[in-house]
Amino acid sequence: MSGLSPLRGWLSVLLLFLGEAKFQASTITLGEHLRWGYTSKFGYSTGTGNYSLRLRVSDEAKLAGNGRFNQNVTLFLETYLDEDWNEVMSIEDPCQRKKKSRSSMSVSVPLDGRWSETLRRTVRNNVRSHIWYFAVLDCAKKTENSRKFEYEMTHLNEGGSHFTVETRWTLPSNVLSLVCFVAFSGLFAKRCLAEMTSVGRLHMVIWALVVVVAMQLLAQSLHALHLWRYSYNGTGVRPFEILAEISFILSQLVQSALLLLIGYGYTLIPVDVDPATVLLTFGISAVVHIILVLLIKAEDSADKFHDYEGLAGKTLLALRLASFAVFLWCLKSTMTGAPYRIRGLLSMFAFVGALYFIGPPFLVMLVSVFAPYWRPPILNTSLMLLQIGTAWWLHNQFLSRGEYFKVSELNSSSLPGGTPRSPRTPLESPTRSPQRDKRD
């Protein structure tokens, strides 16, 4: 059973970080060579906020306590302001960082594994919002050997809000985007039903977009419910948040696959697309992306202000750029020898695809010029608009009688008695050039 304890501990920490909760719990190690340990950061708005902290010796450290269970070790909680943080981290001697702290409070931690008394303090910002950083110090060298401490820390903003300053508008903005997306989903469903009534079925690309819209709607609904509950209890409904993140990333993957397939020539020219290969590739990619999303939510560092600043987030951006490279290769192959009308259509797809694939990396670089507490709302709102905007554009391409409809399989399958286009029985075949039509 002892072998399962570390696993349970890691799972507990992972679940605690999966939501943007005001309650944080983790472990730090202090000892002979580790006198300073970062615990958390929190964005406080103007006014008076508060925080609390309690610590205890972990089970492993308690067993190594040599029977000194009746003793206590005194640690210090240090607070640092965002404008001093870079200078703090440039000081090599951790004990000298104390000079830059805005406050220092002692905490007496029992060595028998009991929790210390809860330390409660306030933070006040008079002029503007600030990110406050918290670290635990042991410069009295009372822990000669390395010792692991568990800690629990809570933060509240002015008025008792559980949201940090960078997430204070998250709930209303998410509800607003949800309302707009519900309206779009209703319009999309209406057009799909009209297409179904007219043709008798929906083309595969339309079904793929149905999956995109449905998963996006599910993600936003679950996220809104999580945030609504979070506004009351500071922890939200973490299963909802996990499912929302998974739904959102899968929605992006399906939309990316749709762009890649059309760039490859699917529905535009006769191409061999093996469904089994597509599903296998998508399944592997989905597993990788879900793991990365969970790792992103589990990451916590002093320098991370949004999902893409950690290693897992940067890996997601790298995969996005790799998808863009594949998209360009597909477009180049399809446009070679394609009729003029299809080349013009693919040029438009190239523009939209470029925005979709390289938009997130560009936005991550763009928001870096803003103050840390402005980066998450700007980035999250922009990414949401990018996802919804792409879905809106694709739905217009698939369900209107525009250029894509005229040169793709959707045209032949929508005619009375029509069948999906094939190389043997083309109707206004995309492979026919204007010159060939004149000769005929």
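Computed from a predicted structure; not experimentally measured. (Residues numbered from 1 in each chain as written. Predicted model: local features only at pLDDT ≥ 70, side-chain atom pairs only at ≥ 80, totals over all residues. Heavy atoms only, no water.)

**Comments concerning the state of the cysteines**
In step 1: Summed over all chains, the structure comprises 1 disulfide.
In step 2: One disulfide in the model links cysteine 95 with cysteine 139; its S-S distance is 2.1 Å. Between cysteine 95 and cysteine 139, the disulfide has an S-S torsion of -110° and is therefore left-handed. Of this pair, cysteine 95 sits in the loop between α3 (82-90) and β5 (103-110) while cysteine 139 sits in the loop between β7 (130-137) and β8 (147-156), and the two are 44 residues apart along the sequence.
In step 3: For cysteine 95, a relative accessible area of 22% translates into the label partly exposed. (Disulfide = S-S within 2.5 Å. Helix = DSSP H or I, 4+ residues; strand = E, 2+ residues; numbered from the N terminus. Buried < 20%, exposed > 50% of the residue type's maximum accessible area, 1.4 Å probe, protein only.)

**Structural notes on the pairing of β7**
In step 1: Within β7, 8 of the 8 residues are buried, which leaves it mostly tucked inside the rest of the structure.
In step 2: With 8 bridges connecting them, strand β2 (residues 36-44) and β7 associate as antiparallel partners. Pairing of tryptophan 36 across the sheet is with leucine 137, part of β7.
In step 3: Across 6 bridges, strand β4 (residues 72-81) lies against β7 in antiparallel orientation. Considered in β7, the bridge of leucine 77 is made with valine 136. (Pairing = 2+ DSSP bridges.)

**A word on the pattern of salt bridges**
In step 1: According to the stated counting rule, one finds 13 salt bridges in the structure shown.
In step 2: Two residues, glutamate 83 and arginine 128, come together in a salt bridge whose shortest N-O distance is 3.7 Å. Highlighted residues: glutamate 83 in helix α3 and arginine 128 in the loop between β6 (119-125) and β7, separated in sequence by 45 residues.
In step 3: Note that arginine 114 and aspartate 112 form a salt bridge whose closest N and O atoms lie 2.7 Å from each other.
In step 4: When its relative accessible area of 22% is taken as the criterion, aspartate 112 is described as partly exposed.
In step 5: Overlapping salt bridges bring together Asp82, Glu83, Asp84, Arg102 and Arg128 as one network. (Salt bridge = Lys/Arg side-chain N within 4 Å of Asp/Glu carboxyl O.)

**A short note on the side chain of glutamine 397**
In step 1: Position of glutamine 397 relative to the elements: it lies in helix α10 (residues 375-399).
In step 2: On the accessibility criterion, glutamine 397 (11% relative accessible area) is buried.
In step 3: Excluding residues within four positions of it along the chain, glutamine 397 makes contact with Leu345, Met348, Tyr404 and Phe405. (Contact = heavy atoms within 4.5 Å.)

**Quick look at the packing of helix α6 (residues 238-264) against α10**
In step 1: Between α6 and α10, whose axes approach to 11 Å, the crossing angle comes to 45°. Taken together, the axes of α6 and α10 are oblique relative to one another. Taken as a pair, α6 and α10 cross one another with a handedness that is left-handed. Contact with α6, carried on its side by Phe248, Ser251, Gln252, Gln255, Leu258, Leu259 and Ile262, involves Met384, Gln387, Thr390, Ala391, Leu394 and Phe398 of α10 and no other residues of that element.
In step 2: The residue makeup of the contact of α6 with α10, split by class, is 8 nonpolar, 5 polar and no charged. (Axes fitted to C-alpha atoms, helices over the stretch in contact; angles between N-to-C directions. Parallel < 35°, antiparallel > 145°, perpendicular 65-115°, else oblique. Left-handed = near helix turned anticlockwise from the far one by under 90°. Nonpolar A, V, L, I, M, F, W, Y, C, P; charged D, E, K, R; others polar.)

**Thoughts on unusual backbone geometry**
In step 1: Phi angles above zero are rare outside glycine, and threonine 267 is one such case at about 75°.
In step 2: Summarising the element assignment, threonine 267 is placed in the loop between α6 and α7 (275-298).
In step 3: What makes threonine 267 buried here is its relative accessible area of 2%.

**A look at the packing of helix α8 (residues 311-335) against helix α9 (residues 340-367)**
In step 1: In the contact formed by α8 and α9, the axes pass within 9 Å of each other and the chain directions differ by 170°. One way to sum up the angle between α8 and α9 is to call them roughly antiparallel.
In step 2: Residue classes in the contact of α8 with α9 are distributed as 16 nonpolar, 4 polar and 2 charged.

**Digging into α6**
In step 1: Between the first and last C-alpha of α6 there are 39 Å, a value that for 27 residues agrees with the 39 Å anticipated at 1.5 Å per step.
In step 2: The element α6 is largely enclosed, with a buried count of 20 among its 27 residues.
In step 3: At the C-terminal side of α6, glycine 265 shows a positive phi close to 110°. (Expected span 1.5 Å × (residues − 1).)

**Concerning a nonpolar patch on the surface**
In step 1: Residues Phe362, Met365, Leu366, Val369, Phe370 and Trp374 make up a contiguous nonpolar surface patch of roughly 650 Å² in combined accessible area.
In step 2: When you line up the elements, phenylalanine 362 lands in helix α9. (Patch = residues over 30% accessible without salt bridge, like charges linked within 9 Å, V, L, I, M, F, W, Y side chains within 5 Å. Areas by Shrake-Rupley, 256 points an atom, 1.4 Å probe, with all protein chains shown as cover.)

**Observations concerning the confidence of the model for the protein**
In step 1: Here the protein averages 81 in pLDDT, while 82% of its residues score no lower than 70.
In step 2: Taken as a whole, residues 1-21 scores under 50 in pLDDT and shows 30 contacts with residues more than four places along the chain or in a different chain.
In step 3: Across residues 413-440, where pLDDT falls below 50, the model places 35 contacts with residues more than four positions away in sequence or in other chains. (pLDDT = per-residue confidence, 0-100.)

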